[in-house]
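Letter by letter, the chains look like this.
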Amino acid sequence: SQQGEEDPQALSIQEGENATMNCSYKTSINNLQWYRQNSGRGLVHLILIRSNEREKHSGRLRVTLDTSKKSSSLLITASRAADTASYFCATGQTSGSRLTFGEGTQLTVNP
Amino acid sequence: ETGVTQTPRHLVMGMTNKKSLKCEQHLGHNAMYWYKQSAKKPLELMFVYNFKEQTENNSVPSRFSPECPNSSHLFLHLHTLQPEDSALYLCASSQFLQGNTEAFFGQGTRLTVV
């Protein structure tokens, strides 16, 4: 199975609500990253959290990392229709050569 | 706009054709990557280049042939592809090898093999 697995696979919410996506992984990591992808386009980096960090904020985004549970969550507050996209977590291993992506969460924010 | 440019954006090719995908970055990054994204599958890393040298080939069939003439340009040469090779091909770059830093992705080339 994949190193990064997102949960849920799909999430549909109303504008203004908060959206929470989770990511679990299996091996030790150097860092965990979240990316966003609009349909058929490239991925855009959102936030990177290192293994010695527990929480990070960027605008309406909040990421947490629990290395003991090998899990991370991405919270988008006060969602907007423009947040509709697929969100991927990716883990960087300590060897440093690659990122391993999960299958993503498809977020739909209804106006 | 991430600073990574891929051309063409869309490509339809027959199984006997030869075509090339191009990726360009002027971010001063040292590492470049090719990924394949198929429907309902995670991104698959294909090739990694670091300082123009290939450091990783993730068991990619030989009908895909990468070329990295310099740190700013990356090509993916395609020949005798199969319909199952139809996918979104994404190029990415990063300052250092990807496991330690954020990656910047191009918009991708949507490839259809007929």
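Placed above this text is the structure.
Structural notes, computed from the coordinates. None of these values were measured; they are calculated from a predicted model. (Residues numbered from 1 in each chain as written. Chains lettered and ligands numbered in written order. Predicted model: local features only at pLDDT ≥ 70, side-chain atom pairs only at ≥ 80, totals over all residues. Heavy atoms only, no water.)

This next bit is on the sheet that holds strand S8 (residues 71–76) of chain A. Hydrogen bonding along the main chain pairs the strands of a sheet, whether they run parallel or antiparallel. Residues and elements named next belong to chain A. Here we have five strands laid out as an open sheet, ordered S1-S3-S8-S7-S6, and antiparallel in their pairing. Both edges of this open sheet fall to strand S1 (5–7) and strand S6 (55–58), since each of them pairs with a single strand only. Each neighbouring strand pair of the sheet contributes to a mean axis angle of 20°, computed without reference to strand direction. Pairing between S1 and strand S3 (residues 19–24): three bridges, direction antiparallel. Of the residues in S3, the one forming a bridge with Asp7 is Asn22. (Pairing = 2+ DSSP bridges. Helix = DSSP H or I, 4+ residues; strand = E, 2+ residues; numbered from the N terminus. Axes fitted to C-alpha atoms, helices over the stretch in contact; angles between N-to-C directions.)

The next subject is the state of the cysteines. What makes a disulfide is a covalent bond joining the sulfur atoms belonging to two cysteines. Tallied over the entire structure, the rule returns two disulfides over all chains. Note on cysteine connectivity: Cys23(A) is disulfide-linked to Cys89(A), with sulfurs 2.0 Å apart. Disulfide Cys23(A) to Cys89(A): torsion about the S-S bond roughly 65°, handedness right-handed. Residue Cys23(A) is found in strand S3, and its partner Cys89(A) is found in strand S9 (residues 85–92); the two are separated by 66 residues along the sequence. Per residue, the accessibility class of Cys23(A) equals that of Cys89(A), and both read buried. The disulfide partner of Cys23(B) is Cys91(B), and the gap between their sulfur atoms is 1.9 Å. When the S-S torsion is -75°, as for the bridge of Cys23(B) with Cys91(B), the disulfide is left-handed. With a gap of 68 residues between them, Cys23(B) in strand S3 (residues 18–25) and Cys91(B) in strand S9 (residues 87–94) connect regions that are remote in the sequence. Cys91(B) provides the cysteine sulfur closest to Cys68(B), a residue in no disulfide bond, and the two sulfurs are 9.1 Å apart. Assessed through its relative accessible area of 12%, Cys68(B) is described here as buried. (Disulfide = S-S within 2.5 Å. Buried < 20%, exposed > 50% of the residue type's maximum accessible area, 1.4 Å probe, protein only.)

Our next topic: the pairing of strand S8 (residues 73–79) of chain B. Residue and element names in this part refer to chain B. Of the pairings in the sheet, the one linking S3 to S8 comprises seven bridges and is antiparallel in character. By the bridge assignment, Cys23 is partnered in S8 with Leu74. Of the pairings in the sheet, the one linking strand S7 (residues 64–70) to S8 comprises five bridges and is antiparallel in character. Looking across to S8, one finds that Asn70 is bridged to His73. Remark: two residues form the turn of the hairpin made by S7 and S8, two consecutive strands paired antiparallel.

At the junction of the two partners, chain B supplies 23 residues and chain A supplies 23 residues. In total, chain B and chain A occlude about 1,800 Å² of area from one another, counting both sides; carbon and sulfur atoms represent 48% of this. For the interface between chain B and chain A, the tally reads zero salt bridges. Viewed at the interface, chain A and chain B are joined by six residue pairs in polar contact (both at pLDDT 80 or more). Looking at the side of chain B that touches chain A, the elements with two or more residues in it are strand S4 (31–37) and S9 of chain B. It is S4(B) that contributes the most residues to the side of chain B that touches chain A, three residues altogether. Within the side of chain B that touches chain A, the residues separate by chemical class into 10 nonpolar, eight polar and five charged. (Contact = heavy atoms within 4.5 Å. Buried area = accessible area lost by both parts, 1.4 Å probe. Salt bridge = Lys/Arg side-chain N within 4 Å of Asp/Glu carboxyl O. Polar contact = N/O pair within 3.5 Å; in protein donor to acceptor, adjacent residues only side chain to side chain. Nonpolar A, V, L, I, M, F, W, Y, C, P; charged D, E, K, R; others polar.)

None of the figures reported here should be taken as evidence of function without further support.
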